[in-house]
Amino acid sequence: MLIGPGGAGKSTLARHLGAILDIDVIHLDRLFWKPGWIETPRAEWRTLQQRLVQGERWIVDGNYGGTLDIRLAAADTIIFLDLPRWLCLWRVVKRRVIYAGRARPDMSEGCSEKLDWQFLRWIWQYPRTRRPQILRQLAQLSAQKRVIRLRSQADVARFLHEVRLVAVEDQSRRS
């Protein structure tokens, strides 16, 4: 599972990992938001996520703190994109320009890309408000699960390179 602030690159990394590892990718934003930016009711959202993590292999990207416990319990690997907030802010502004008037690939149809002060504030405050709690949770899980913390775009690139190498080695062993 992939977590991190908005604009960190969760969906992009999830798509790359899904393609390399041939694993289905689940974008939580696509499932949570109904057309017109209507939220999924909480009980339905928890039930849906409990069903999603029952699969044998999956990659899930998204935060949704109210259901984080479901994914943390089911995941064998947690990737925390802990990138600088200036980079995350730049990326959401860039994303807004690129997808102006339409939904991005990891979002539900009928949810045109938008950018508001509440979302920008959430990203800006993430290192102070959400990050400490996530780091505590990950520290508690690190003995039972594989926890990967990527702090820069260079870390992300190195990680993807390593995953590709392992995938190629696995493929050649099977051949």
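The paragraphs below set out a description of the structure included in this document. (Residues numbered from 1 in each chain as written. Predicted model: local features only at pLDDT ≥ 70, side-chain atom pairs only at ≥ 80, totals over all residues. Heavy atoms only, no water.)

1. Describing the packing of aromatic side chains
For any two aromatic rings, the description comes down to two numbers: the centre-to-centre distance and the angle of the planes. Keep this limit in mind: Aromatic rings from Phe, Tyr and Trp, taking only the six-membered ring of Trp, are treated as a pair when their centres fall within 6.5 Å; an angle between ring planes under 30 degrees marks them as stacked, one over 60 as edge-to-face, and anything in between as tilted. The way it works is that DSSP assigns letters per residue, a run of H or I at least four long becomes a helix, a run of E at least two long becomes a strand, and they are numbered from the N terminus. Per-residue accessibility, obtained with a 1.4 Å probe over protein chains only, is compared with the maximum for each type, and a residue is labelled buried under 20%, exposed over 50%, and partly exposed between these values. In our convention, an over-ring charge means Lys NZ or Arg CZ found within 6 Å of a ring centre and within 35 degrees of that ring's normal.
Using the criterion set out here, one finds 7 aromatic pairs in the structure. With a centroid separation of 5.2 Å and an interplanar angle of 65°, the aromatic rings of W45 and Y64 are classed as edge-to-face. Of this pair, W45 sits in helix α3 (residues 42-52) while Y64 sits in the loop between β5 (59-61) and α4 (68-74); the two residues are 19 residues apart in sequence, bridging distant segments of the chain. Taken individually, W45 and Y64 each receive the classification buried, so the pair is uniform in this respect. Ring centres 6.1 Å apart and planes at 10° place the aromatic pair F119 and W122 in the stacked group. Of the two residues, F119 and W122 are both situated in helix α6 (residues 117-129); the distance of 3 residues between them amounts to about one turn of the helix. With a relative accessible area of 29%, W122 lands in the partly exposed category. Here the aromatic cluster, defined as three or more aromatic residues joined through ring pairs, consists of F32, W33, W37, W45 and Y64. Just above the ring of W124 sits the side chain of R85; from NZ or CZ to the centre is 3.9 Å.

2. Overview of the nonpolar core
Where we set the bar: We define a nonpolar core as any set of buried Ala, Val, Leu, Ile, Met, Phe, Trp, Tyr and Cys residues linked to one another through side-chain atoms lying within 4.5 Å. Contacts are residue-level and defined by heavy atoms, with any inter-residue pair within 4.5 Å sufficient.
Counting residues in each nonpolar core, the largest one holds 25 residues, and the members touching the most others are M1, I3, W58, L72 and I78. Contributing elements (two or more residues each) for this core: α2 (28-32), α3, α4, β6 (77-81) and α7 (131-141). Setting aside anything within four residues of it in sequence, one finds I3 in contact with K10, G62, N63, L68, I78, I79, F80, L81 and I134. By size, the runner-up hydrophobic cluster in this structure holds 22 residues, among which are A14, I23, I79 and L83.

3. With respect to the side chain of D82
For clarity, the cut-off: Polar contacts, as used here, are pairs of N or O atoms within 3.5 Å; protein pairs need one atom able to donate a hydrogen and one able to accept it. Residues neighboring in sequence count only if both atoms are side-chain atoms.
With respect to the helices, strands and loops of the structure, D82 is situated in the loop between β6 and α5 (85-98). A relative accessible area of 10% places D82 in the buried class. Of note is the side chain of D82, whose polar atom sits 2.8 Å from the side chain of R149.

4. Section: the packing of α5 against α6
This is how the line gets drawn: The angle between two axes is taken between their N-to-C directions and runs from 0 to 180 degrees, where each axis is a line fitted to C-alpha atoms and a helix contributes only its stretch in contact. Note that the term roughly parallel is reserved for angles under 35 degrees, roughly antiparallel for angles over 145, roughly perpendicular for angles of 65 to 115, and oblique for everything else. Crossing handedness: left-handed means the near helix sits turned counterclockwise from the far one by under a right angle, and right-handed means the same turn made clockwise. Under the scheme applied here, ten amino acids are nonpolar (Ala, Val, Leu, Ile, Met, Phe, Trp, Tyr, Cys and Pro), four are charged (Asp, Glu, Lys and Arg), and all others, including Gly, are polar.
Where α5 meets α6, the closest approach of the two axes is 9 Å, and the angle between their N-to-C directions is 160°. Put simply, α5 runs roughly antiparallel to α6. In this structure, the crossing between α5 and α6 has a hand that is right-handed. For the pair formed by α5 and α6, the contact residues are R85, C88, L89, V92 and R95 on the first element and F119, L120, I123, W124 and P127 on the second. Grouping the amino acids of the contact of α5 with α6 by side-chain chemistry returns 8 nonpolar, no polar and 2 charged.

5. What about unusual backbone geometry?
Non-glycine residue W37 carries a positive phi angle of around 60°. Structurally, W37 is set in the loop between β3 (33-34) and β4 (38-39). Classification of W37 by relative accessible area gives partly exposed; the value is 22%. For Y64, which is not glycine, the phi dihedral falls at a positive 50°.

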